[in-house]
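Chain by chain, the residues run as shown.
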Amino acid sequence: MVRPLRPHRSLLHPLWLGALALLVLNDHALKGSGLLPGWLTGKVSDFAGLLVAPAVLAALLRVSSRRGFLGAHLATGVVFSAIKLAPEAARAVEALMALTPLPWRITVDPTDLTALPMLFLSYRALGEAAQGPEPARQPIAHRLALMAGSLACVATSRAPEPEPCGGTNGCLPQEPQELASLVIGNTTETEQLIRVRRLRESVRVDCRVLLADPTGALSRELFADAETWLIQPGRALPLGNAGCDAYLIDADGLPLTLLAWSALQFPEQILTTSTQNPQPARVIALQRAGARLELAEHPAVFDAPPVEPPPPAEACSPSAEGSRLDWTVRDDVTAVVASVTSSPDGCHAIALEPDKRIFYLCLPAEALPVKAGDMVSLRSVMITGVVSGLYPELRQGEQARARGVAIESEAYAVVALQGNVLARPWMLDRGVAARDFTVELSPIAGCDGFHDACGSLVAPLEVSLLGEGISGVVSLRAGESEVLKEGVGTLHLVRAEDMPVRDTECFSAPIDQTRLLESVFVAAPAAP
């Protein structure tokens, strides 16, 4: 028979009583005494508190099942994790406790999450105690334990009493701290309202390319809407960066300025948000420059990207003006073509009999031999995984990722492919025995890249073909084509680009990758 769960039984367990004694001793005797370092007393509070708090919460809620006891532990863990990871959550709890006689000061420190295993220990050990045999009735002991545990938990993170000032050295108040990589410190004599724009969540960057020339690699379109912050004199605004990030900063009197750095340069850590005793390498000073404001020199400070990105160099123009692949074919279909309607943007509407179902296909007109009356088979093409030596255009360690559409009839066959590999004859049913070719990709001379309409940094590539299926060595750029040997067919290169800085909302590749190749292979008409 399963005994009912009574949380108050766990409050007299030796483990819980020991944790309570340690919590009280640490918070009201050891903290601030100088006997132990501050970081250690903070960790002791976390470990002991996570043994005490869940059982107290379960007893206050009078849970009566193992599920309820587990819920008390999960709730404790969620709140603890939130205030240790998110400054907003910590400040919200501080504001709530400020309404009580026991105000809190919470230090946001993700390393405190090392105490979370105590919840598992509490659930296992104290949960068994809560379902153990009913001891002799001890209502007064239970109530005293619950009162002591409740007070200890509420007082665990109380703000320290201010130290008396006096003597030759005086005293300094405790400095506010936040988890950040860098801070913008207001060194002026007045409060400053600044606007902060961070890179959009959809933006991906090659950090090496970004940090080589942040001003040229980025465009203003890549940044999200501005957040406004009021910084008091002597205070600092924390800026986080767990990878490779950038910000645009401006204010009344402060011209738009770019901040860019990587987590390798300035990893996130607990930083003071006061300018009274700063970590010099981590502070970007907001200071007066005559009647204007400026950000002081710092390795993370750069000129803002121009309002209008420079136009592509002449060598980039073929790629910049090239068409794009797109299609709506999702299922395998075999039907008769009722009509083909082409539009000026290079897209074609293919209506099929008998229901006039329409598929859209965007590719160069010379690569689409489909006409009304043809019996065609349409199917999706998917290339995934590593095939050693099959795709020489892949970079070392890169996996093939591409998708496309194939259209085949008795008279012709076409495969359009988008990804990091080129279309090939053997991707069609009739091209299995065709000879392959080797591919090399290189930047176009005289084209350092440009920003497209989405703000992404585009660096066009030149494709070099050679091998058994190619006459000599052939170089192709976007918009060019090559007829393969022995009447196999024609390869059309639609797009060949590196995109080291890109907005994935505008990036149509099969996966989030920096290189995009779009090509169409049209097989030669079948022999009669």
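Up top is the structure.
To start, this report covers the structure provided alongside it.

Parameters and conventions
Residues numbered from 1 in each chain as written. Predicted model: local features only at pLDDT ≥ 70, side-chain atom pairs only at ≥ 80, totals over all residues. Heavy atoms only, no water. Buried < 20%, exposed > 50% of the residue type's maximum accessible area, 1.4 Å probe, protein only. Helix = DSSP H or I, 4+ residues; strand = E, 2+ residues; numbered from the N terminus. Pairing = 2+ DSSP bridges. Salt bridge = Lys/Arg side-chain N within 4 Å of Asp/Glu carboxyl O. Expected span 1.5 Å × (residues − 1). Patch = residues over 30% accessible without salt bridge, like charges linked within 9 Å, V, L, I, M, F, W, Y side chains within 5 Å. Areas by Shrake-Rupley, 256 points an atom, 1.4 Å probe, with all protein chains shown as cover.

1. A word on the pairing of strand β25 (residues 489-503)
Then, number 1: Taking burial as the measure, the 15 residues of β25 include 15 buried ones, the bulk of the element.
Then, number 2: When strand β4 (residues 203-205) meets β25, the two strands line up antiparallel, connected through 3 bridges. Paired with R204 across the two strands is R502, which belongs to β25.
Then, number 3: Of the pairings in the sheet, the one linking strand β22 (residues 457-466) to β25 comprises 3 bridges and is antiparallel in character. Note that in β25 the partner of A459 across the bridge is D498.
Then, number 4: With 3 bridges connecting them, strand β24 (residues 481-483) and β25 associate as antiparallel partners. Looking across to β25, one finds that V483 is bridged to T490.
Then, number 5: What sits between β24 and β25 in their antiparallel hairpin is a turn of 5 residues, with E486 showing a positive phi close to 60 degrees.

2. Structural notes on the pattern of salt bridges
Then, number 1: Scanning the entire structure with this criterion turns up 19 salt bridges.
Then, number 2: Ionic pairing is found between D112 and K84, a salt bridge with its closest N-O pair at 2.9 Å. Placement of the pair is D112 in the loop between α4 (87-97) and α5 (117-130) and K84 in helix α3 (residues 66-85), with a sequence separation of 28 residues.
Then, number 3: A residue is classified by how much of its surface remains accessible, and K84, at 8% relative accessible area, is buried.

3. Some details on α5
The α-helix winds at 3.6 residues per turn, so residues separated by three or four positions along the chain end up facing the same way.
Then, number 1: Given a rise of 1.5 Å per residue, 14 residues ought to cover 20 Å, and the 19 Å separating the end C-alpha atoms of α5 matches this to within 8%.
Then, number 2: Among the residues making up α5, those that are buried are M118, L119, S122, Y123, L126, G127, A129 and A130.

4. A closer look at a nonpolar patch on the surface
Then, number 1: A surface patch of nonpolar side chains, amounting to about 340 Å² of accessible area, comprises I140, L144 and M147.
Then, number 2: With respect to the helices, strands and loops of the structure, I140 is situated in helix α6 (residues 139-155).

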